[in-house]
Structures are given as structure tokens and as C-alpha cells.
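Examining the three-dimensional arrangement
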Amino acid sequence: MNAVTKFTLLALASLAWLMTGLPARAQTVYQVTSAYHHISVIDSSGYRVLSFNGSWESRVSLANPLVGHFEYCELFHTPWLWNPAMTNVLVVGLGGGSTQRLYQHYYPFVNLDTVELDPAVVSISKYYFQTKETARHKIHTMDGRVYLRRTQKKYDAILMDAYSTGRYGSFIPYHLATKEFFTLASANLTENGVLCYNVIGNLNGFRADILGSVYKTMRSVFPQVWMFPASDTGNVVLVGTKSKEPVTLAELEKRARSIAKDKVVTLPNFEKRVRAFRAQPPANLSRVSVLTDDYAPVDGVLTGTNRR
Amino acid sequence: MQTAAAILLVFLGGFAVMVLEIIGARFLLKDFGGAFYVWTSQIGVVLVALSLGYWFGGRWADRFQRARFLTWLLVPSGLFTLAIPDFAPRLIDALVSRHPADADISLLWQKLDPALGSALVFLFPCFVLATLSPYMIRLLAAQLGNVGAVSGAVYAASTAGSVAGVFISGYVLLDHLGLSTIFRATGGLTLGLAGLCLWLDRALARKT
């Protein structure tokens, strides 16, 4: 065996060792750069993940599409507590379609509209996440605010889940978090309508000023705003109701039991999710200000501060 | 002294153009959504304005040869910019609302609408600000022998102003001021440039 052969064999062996040594768990199934993000679809440890610029936007179990989603998607079921007879729901932001999938499965009678800005996300969601556009689920490829401004429809619930993601984390598009936006959304809600806002930020300091600002801004339009923090990720779902009536956890648990008994909501974890309810506002309300179209530094100073 | 004033003029002109571009993109976002086409439109429209401004600015400089002439452009442009917060929202609203409601806007219009909106609001003030550079080159170049140095200095100052405009708008102004305040301040700055042109006109007249 000469040196060259020896070297070749050694190189081949190293390559083989490297290949077996590589984790087979994470595999990029598809990737594309759209006008907005570098989007990847990754299969990892039995889950399929939708990633924008490296972040995790959506996750679903490859074995059972009804599990594996992030917890905030289940917090999007809280509007039923205020209206057990919802028929029209708008979701702003598609991603991997977790929210839509759960709504289509558990409430097949509900008319869903989804607004998604990025056409690439719509096709990826349909192809890789089995998001279904049906007679009761229409996807509109446009900006959420532009859609709300033009539609004549009234919704029982509007679920806000639109984010843009960069190298330094996720940002709320500022025009979807201002007083003018919530006024527009409120005008498109039915009498007892509810708006849910998935806010990336939490009460322990991480982007707390964003959470506080969005809370305060929603409170300037909706008579009541409640918080439902997720336990698995740093998200809080803010629930703004057109109903002026204050509620308590005991009252909501009673409603949850009642609508579960009537088979309105059959989501397995529903009563557990309701217990995430927090009546008290965030502690930083006096420090933050209401966001307006004129002044909303959501991607600037507000993001930089991670304090309580 | 006159040279310093002219250099300051093109520096501030370049600054104002980029404040209008960056803050303008933010302003258009809420009406046209998705940042990408808004940015594409805004950059394209501002470059069109610059191109036209250079062309006409150079010709007008040859024809009028007095800095005073620029006040006739800068005063209307300053007043226009001051009024952006008052007229632009209604103008853009009309543009967005012209599509039939309850039908999705075609992808073509989703792309072109922000360009139209941007042109209606930002083409004129950016055009006027762009005329300053060729105009100043004509006024400062005493003889053919120094045209290279003069035009180089004017380009450099105007671009340096634009660089400052980009970073100050994006990193500082957006965090601390409302959009309407920034537009009004830029309008005020443009009127200030008109005043500077009047001073420059007299200073250059004395010199000859």
C-alpha cells in the first residue's frame, strides 16, 4: 500500500465517520428566499419546523398534525369564552398554519379568513404543512392592515400573528400595533368581538416594553384587555374584548367548563390554557406610551430594553 | 466663505433627501403594507427625483446663473414638505380606496401602488433638493481649470449629507420623534436652505 492509497483510504474513512457522526435529526427539506425572508422547512426530531432567517415560526408533529404546535396557538381559542357562537374568524399571519389547522379541525363550521403578506409562505404552508384552503377557509395574499381597511366583513374574532424576523429576532410590523390599527380592527369586529394579539415578549423583562406598549395601545381602544402568557415560549396572548364586562379567572373557568360540556370547544388542553389568565396589567404601563401611526418605535428603542 | 456656504447647502440638501426617503418609507408602510415593495418604490422614486433634479438643475444653472433662482424652487418645496402630514394621508387613502372593496388587489397593483404614492408625495421635494448640486457646481467653478475639484467637493458634501441623513433618520429620529414632526422639521430645513440661497446670492454678487 503506497502513501497515496493510504491517504485516500484515510480520507474516505474520515468522510464516512464524519457523515455518520453528523446529526441525522435536523434536515432541511426545502428553502427559498422570498421578498421578505430566507424561509426554510426543517424536519427535526419528529417535528416539521418553519424557519424565517433562522427563527422558529411554526412547528408541527410529523406523526400527528394536531400536536407539536406552539402553546400560543391554543391561547388563540380564548375568544370562545366571550362568544360561544362564533362563525367568522380572521387570522392575520399564516406561517405553518397551526392556528388555521386547529380551528379547521375543532370548529369545522367556522368561516376562516387568513391574510398573509408573503406569497412564498402561502405556497410553503400549503405544500409542506398541509394548510387547506377550502370553501370555509380563504387565504388572502396581502398586508393585514390593507385587508382590514378594505373588507366589508365583520368578524367575531381577529387573531393577530404577523411578524417579520431578522437576524436580531422578531419584530411586530409597527403598522399592525398602533391605536389607528386597533380602531380599524375594532370596527371590523361584531358587537361582542374579541381581538387576540400574539406578542413576542413577556412579563419577566424580555421585550417587556413591547408587551406593555401593545397592551396600553389595545387598552386605548378596547374596554377590557386580558393577558394569557404562554408557558413554552416567551409569548403572551393579549385578549381585547369589545365587552365592557370585567371577568375573573373563576368566571372564565366556569365558561370554559360550560362550553366544553356543550362540545363547542373540544380542544384537549382548553381548560388548562384558560388558567394562564392574568387580570392585572403589566407593571410597566406608566413608563410606556400608546403607539400611534405617528410614533411607534417597536423596532427601535422599545425592543432594546429588556427590563421589567 | 461663499464656498463653505455652498458646501453646507448641498450637504443639508443631501441630508434632507435621505430623511424624506427613510421616514417616507416608514410613512408609506402603514397604507401599503409589506415593507419590501414600499422600499423598492421609495428607493426608485427618489432616484428618479435625483436624476431629474440633476438634469434640470444643471440647465437652470446655466440659464439663470444666480443662487437667488433656487429660492423659487426651495420655498414651494419647503411648504410642500411642511404640509405632508396634512395632505398625504388623504391622498394615499384615495389611492388605496380606488380599488373595489372586498376583492383582493392584484399583485401588480400591490407593487405599483406604493410607487405611485411615493411619487405623489416625495418626487417633488426630492427633485428640488437634487437641483442644488449641479447648480452649485456652476456657481463655484470660476474657470474650467477647477471644475474637477469643485464638482468633486460638491458630490462629496452632498453624499456625506445623505449618509448622515440615512443613519440619523433610521437610528435616532424614528426612536424619538413622530413622523409628522420629522416631516415638518424637514420642511423647515428646506425653507432654511432657501434663506441660505438668498444670502449666497448676495455674497456671490458682491464678489464679482
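The sections below set out a description of the structure shown in this document. (Residues numbered from 1 in each chain as written. Chains lettered and ligands numbered in written order. Predicted model: local features only at pLDDT ≥ 70, side-chain atom pairs only at ≥ 80, totals over all residues. Heavy atoms only, no water.)

**Details of the interface of chain A and chain B**
The criterion, for reference: Here, two residues are considered to be in contact whenever any of their heavy atoms come within 4.5 Å of each other. What counts as buried area is the accessible surface, traced by a 1.4 Å probe, that two parts surrender upon association, with contributions from both included. We define a salt bridge as a side-chain nitrogen of Lys or Arg found within 4 Å of a carboxyl oxygen belonging to Asp or Glu. Polar contacts, as used here, are pairs of N or O atoms within 3.5 Å; protein pairs need one atom able to donate a hydrogen and one able to accept it. Residues neighboring in sequence count only if both atoms are side-chain atoms. Helix numbers and strand numbers start at the N terminus; a helix is a DSSP run of H or I with at least 4 residues, a strand a run of E with at least 2. Asp, Glu, Lys and Arg are counted as charged, while Ala, Val, Leu, Ile, Met, Phe, Trp, Tyr, Cys and Pro are counted as nonpolar; the rest, among them Gly, fall into the polar class.
Of the residues lining the interface, 25 residues belong to chain A; the matching set on chain B comes to 29 residues. Roughly 2,200 Å² of surface becomes buried between chain A and chain B when both sides are summed, with 48% attributable to carbon and sulfur atoms. The three residues of chain A that bury the most area against chain B are Arg 149, Arg 150 and Tyr 174 of chain A, which together make up 30% of that side's buried surface. Taken together, chain A and chain B are joined by 2 salt bridges. At the boundary of chain A with chain B, the tally comes to 9 residue pairs in polar contact (both at pLDDT 80 or more). When residues of the side of chain A that touches chain B are traced back to their parent elements, those giving at least two are strand E7 (137–141) and helix H5 (144–150) of chain A. Broken down by element, the side of chain A that touches chain B gets its largest block of residues, 4 residues, from H5 of chain A. Considering only residue class, the side of chain A that touches chain B consists of 11 nonpolar, 6 polar and 8 charged.

**A short note on the pattern of salt bridges**
Residues and elements named next belong to chain A. Stated precisely, the cut-off is as follows: Summary of the burial criterion: residues with accessible area below 20% of their type's maximum are buried, those above 50% are exposed, and those between are partly exposed, where the area comes from a 1.4 Å probe applied to protein chains only.
Taken as a whole and judged by the stated rule, the model has 18 salt bridges over all chains. One salt bridge in this structure joins Arg 255 and Glu 251, with 2.7 Å as the shortest N-O distance. Remark: Glu 251 and Arg 255 occur in helix H8 (residues 249–261); sequence separation between them is 4 residues, near one turn of the helix. Overall, Glu 251 belongs to the partly exposed group, its relative accessible area being 24%.

**Details of the nonpolar core**
Nonpolar side chains in soluble globular proteins generally cluster together in the buried interior. Quick note on the threshold: We define the nonpolar core as a collection of buried residues of types Ala, Val, Leu, Ile, Met, Phe, Trp, Tyr and Cys that are connected through side-chain atoms lying within 4.5 Å of one another.
If you look at the biggest cluster of nonpolar residues, it comprises 97 residues, and the most contacted ones within it are Leu 195, Tyr 197, Val 214 and Leu 238 of chain A together with Met 136 of chain B. In terms of residue count, helix H1 (residues 2–32) of chain B provides more of this core than any other element does, 16 residues in total. Excluding anything up to four places from it in sequence, Tyr 197 of chain A contacts Met 160, Ile 172, Leu 176, Ala 177, Phe 182, Val 214, Met 218, Val 236, Val 237 and Leu 238 of chain A. Core analysis: the next-biggest nonpolar cluster, separate from the first, contains 37 residues, Trp 80, Val 91, Tyr 106 and Ala 157 of chain A among them.

**As for the sheet that holds strand E11 (residues 189–200) of chain A**
Residue and element names in this part refer to chain A. Which entries qualify depends on this criterion: The rule for pairing is simple: two strands pair if DSSP sees at least two bridges between them. The angle between two axes is taken between their N-to-C directions and runs from 0 to 180 degrees, where each axis is a line fitted to C-alpha atoms and a helix contributes only its stretch in contact.
Spatially, the 7 strands line up as an open sheet ordered E7-E6-E5-E8-E11-E13-E12, and their pairing is mixed. Every interior strand has two partners, whereas the edge strands, E7 and strand E12 (224–229), have only one. Strand-to-strand twist of the sheet, defined as the mean angle between neighbouring strand axes without regard to direction, takes the value 15 degrees. Across 5 bridges, strand E8 (residues 155–160) lies against E11 in parallel orientation. When the sheet's bridge partners are listed, Ala 157 is paired in E11 with Val 194. Each of strand E5 (88–92), strand E6 (111–116), E7 and E8 touches helix H3 (residues 98–106); the most contacted strand, E6, lies at about 175 degrees to it. In this fold helix H4 (residues 119–128) packs onto E6 and E7, with an angle of close to 150 degrees to the strand it touches most, E7.

**So, the packing of H1 of chain B against helix H6 (residues 147–176) of chain B**
All names here are of chain B. The line we're drawing: Each helix crossing is assigned a hand: it is left-handed if the near helix lies turned anticlockwise from the far helix by less than a right angle, otherwise right-handed if that turn is clockwise.
The geometry of H1 relative to H6 is characterised by a closest axis approach of 6 Å and an angle of 35 degrees between their N-to-C directions. Seen from above, H1 lies across H6 with right-handed handedness. The class makeup of the residues in the contact of H1 with H6 is 17 nonpolar, 7 polar and 1 charged.

**A few points about the pairing of strand E3 (residues 47–52) of chain A**
Residue and element names in this part refer to chain A. With 5 of 6 residues buried, E3 is to be regarded as a mostly interior element. Sheet topology places strand E2 (residues 38–44) next to E3; 6 bridges connect them, and they run antiparallel. In the strand pairing of E3, Val 41 is matched with Leu 50. Two strands pair when backbone bridges link them, and E3 and strand E4 (residues 58–61) are joined in this way by 4 bridges, in the antiparallel orientation. Looking at the pairing, Val 49 lines up with Arg 59 of E4. Between E3 and the antiparallel strand that follows it, E4, lie 5 residues; Asn 53 among them carries a positive phi value of about 50 degrees.

**Quick notes on unusual backbone geometry**
The backbone phi angle of Ser 45 of chain A is positive, close to 50 degrees, even though this residue is not glycine. With respect to the helices and strands, Ser 45 of chain A occurs in the loop between E2 and E3. With a relative accessible area of 49%, Ser 45 of chain A lands in the partly exposed category. Even without a glycine there, the phi angle at Gln 65 of chain B is positive, about 55 degrees. Its location among the elements puts Gln 65 of chain B in the loop between helix H2 (35–64) and helix H3 (68–82). The exposure class of Gln 65 of chain B is partly exposed, given its relative accessible area of 41%.

**Some thoughts on the packing of aromatic side chains**
Residue and element names in this part refer to chain A. This is how the line gets drawn: The aromatic pairing rule takes the rings of Phe, Tyr and Trp, using the six-membered ring of Trp, and pairs them if the centres are within 6.5 Å, calling planes under 30 degrees apart stacked, those over 60 edge-to-face and the rest tilted. A ring is scored as having a charge over it whenever the NZ atom of a lysine or the CZ atom of an arginine sits within 6 Å of its centre and within 35 degrees of its normal.
Going through the model one piece at a time under the given rule, you end up with 26 aromatic pairs over all chains. Seen in terms of ring centroids, Phe 182 and Tyr 197 are 5.7 Å apart; in terms of plane orientation they differ by 65 degrees. Their pairing is edge-to-face. With Phe 182 in helix H6 (residues 179–187) and Tyr 197 in strand E11, this pair connects stretches of sequence that are 15 residues apart. Here Phe 182 falls in the buried class, since its relative accessible area comes to 0%. Aromatic side chains Phe 182 and Phe 222 sit 6.4 Å apart centroid to centroid with 70 degrees between the ring planes, which places their arrangement in the edge-to-face category. Residue Phe 182 is found in helix H6, and its partner Phe 222 is found in the loop between helix H7 (208–219) and E12; the two are separated by 40 residues along the sequence. Here Phe 182 matches Phe 222 in class, with each residue buried. When the ring centre of Tyr 47 is taken as reference, the NZ or CZ atom of Arg 59 above it lies at 4.6 Å. Across the ring face of Phe 171, the terminal group of Arg 207 is positioned such that the distance to the ring centre comes to 5.3 Å.

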